[in-house]
Amino acid sequence: KPMKIESFFDKNTFTLTYIVYDEKTKDAVIIDPVLDYDPASSKVSTTSLDLLEAFIKKNHLRLHYILETHAHADHLSGAQFVKAVFPEAKVAIGEDLKKVQTTFKHVFNFKEFNENGVQFDKLLEDNFVLKAGDLNIKTLFTPGHTPACVSFLVNDDVVFTGDVLFMHDYGTGRCDFPGGSSAQMFDSVKNRLYTLDDNVKVYVGHDYSPGGRDVAYESTIGKQKELNPQLNAKTTKEEFVNSRDGRDKTLTAPKLLLQSLQVNIDAGHLPKEEDNGVPYLKMPIKIVK
């Protein structure tokens, strides 16, 4: 088949970015690009994005879309930096992102922020099929990790699951962010992803190399149903909700949670520069008594 997938792994945030392209027609999309950010110095750099740009140019690809599976809490989106290089590419995300914008507008007390998704070029509805030349990309709403998570089913034989489903030896994403729900995640996996054909390839959004194994990111629906230790074909909803919620109570917040979300609900735009030419992130301080 002419469809090819190139993967890029960011070891700082354990994130997989994908370029999906048609070898014949050169049509391409990027899924979940990472902007490098060092929290200690608050410096951003485009090291990871430069690899994407080089690959696209070397292979003479025509980039149609920059797709986000959700508003990530562990890295800043590189969408706008990619768009600056490939201005014809549109940034797209699931339309339920508006719910996440509403939540975090209040977290950051952003007075002027529009919570209607207007920052993105395209908001995707459930089951909508996006055409990127010869690529057909179906949006599947798979909430749970966040209320706005989507999975992308490309040409009916490959699905990109973002933070919903990880490798079949690892499990699923966490469900303890605002608006997250382990019950919803169970339904998303069981009633949406696991109803796909067993041969559909699964590409995950992160990999944490359990047991020290090499980075892995490609599975199948069949393998997930058989082997996923947290949510397989035999797992009941009650079992999953109890184990997922129990595990989530032991997890600390992602280290870039607050930096990431204020950029990512704004489609990857950095804050506007102030009169000294410098943009500033805004950080709420919680005083624990």
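Residues numbered from 1 in each chain as written. Predicted model: local features only at pLDDT ≥ 70, side-chain atom pairs only at ≥ 80, totals over all residues. Heavy atoms only, no water.

Student: In this structure, what is going on with the overall build of the protein? I would like to understand it.
Tutor: Along its length, the protein carries seven helices and 15 strands. What you see for the protein is a C-alpha radius of gyration of 18 Å, in line with the 19 Å of a compact globule of 289 residues. Over its C-alpha atoms, taken along the principal directions, the protein stretches across nearly 55 × 55 × 35 Å. The buried share of the protein, taken over its 289 residues, is 52%. Contacts in the protein between residues at least 24 apart in sequence constitute 64% of all its contacts with a sequence separation of at least 6. Summing over all exposed atoms, the protein offers an accessible surface of approximately 13600 Å²; the carbon and sulfur share of this is 52%. Charge-centre separation for the protein: the mean point of 35 positive side chains lies 1 Å from the mean point of 41 negative side chains. (Helix = DSSP H or I, 4+ residues; strand = E, 2+ residues; numbered from the N terminus. Rg over C-alpha atoms; globule rule 2.2 N^0.38 Å. Buried < 20%, exposed > 50% of the residue type's maximum accessible area, 1.4 Å probe, protein only. Contact = heavy atoms within 4.5 Å. Areas by Shrake-Rupley, 256 points an atom, 1.4 Å probe, with all protein chains shown as cover. Lys, Arg positive; Asp, Glu negative; His and termini not counted. Charge placed at Lys NZ, Arg CZ, Asp CG, Glu CD.)

Student: Can you walk me through the nonpolar core in this structure?
Tutor: In this structure, Ile-19, Leu-63, Val-100 and Leu-261 are the most contacted members of the largest nonpolar core, which totals 37 residues. Among the elements that take part in this core, helix α1 (residues 47-58) stands out by supplying four residues, more than any other. Sequence-distant contacts of Leu-261, defined by excluding residues within four places in its chain, comprise Ala-71, His-72, Ala-73, Val-100, Phe-104 and Phe-108. Judged by nonpolar contacts, the second largest core, of 22 residues, contains Leu-153, Val-189, Ile-221 and Leu-231. (Core = buried A, V, L, I, M, F, W, Y, C linked by side-chain atoms within 4.5 Å.)

Student: I tried to follow the packing of aromatic side chains on my own but got confused; where do I start?
Tutor: Given two aromatic rings, their pairing is described by the distance between the two centres and the angle made by the two planes. One pass over the structure, following the stated rule, counts 15 aromatic pairs. Taking the centre distance of 6.1 Å and the plane angle of 80° together, the rings of Phe-8 and Phe-55 count as edge-to-face. With Phe-8 in strand β1 (residues 3-10) and Phe-55 in helix α1, this residue pair connects regions lying 47 residues apart in the sequence. Seen in terms of ring centroids, Phe-160 and Tyr-203 are 5.3 Å apart; in terms of plane orientation they differ by 25°. Their pairing is stacked. Here Phe-160 is found in strand β13 (residues 158-160), whereas its partner Tyr-203 is found in strand β14 (residues 201-203), with 43 residues between them in sequence. Residue Phe-160 is classed as buried on the basis of its relative accessible area of 1%. (Phe/Tyr/Trp six-rings, centres within 6.5 Å; stacked < 30°, edge-to-face > 60°.)

Student: Please clarify how the environment of Asp-245 should be interpreted in this entry.
Tutor: When you line up the elements, Asp-245 lands in helix α6 (residues 237-248). The class for Asp-245 is partly exposed, based on a relative accessible area of 29%. Expressed as a C-alpha distance, the spacing of Asp-245 and Ser-181, which sit 64 residues apart in the sequence, is 8.9 Å. Among all residues touching Asp-245, those that are not within four sequence positions of it are Ser-182 and Phe-240.

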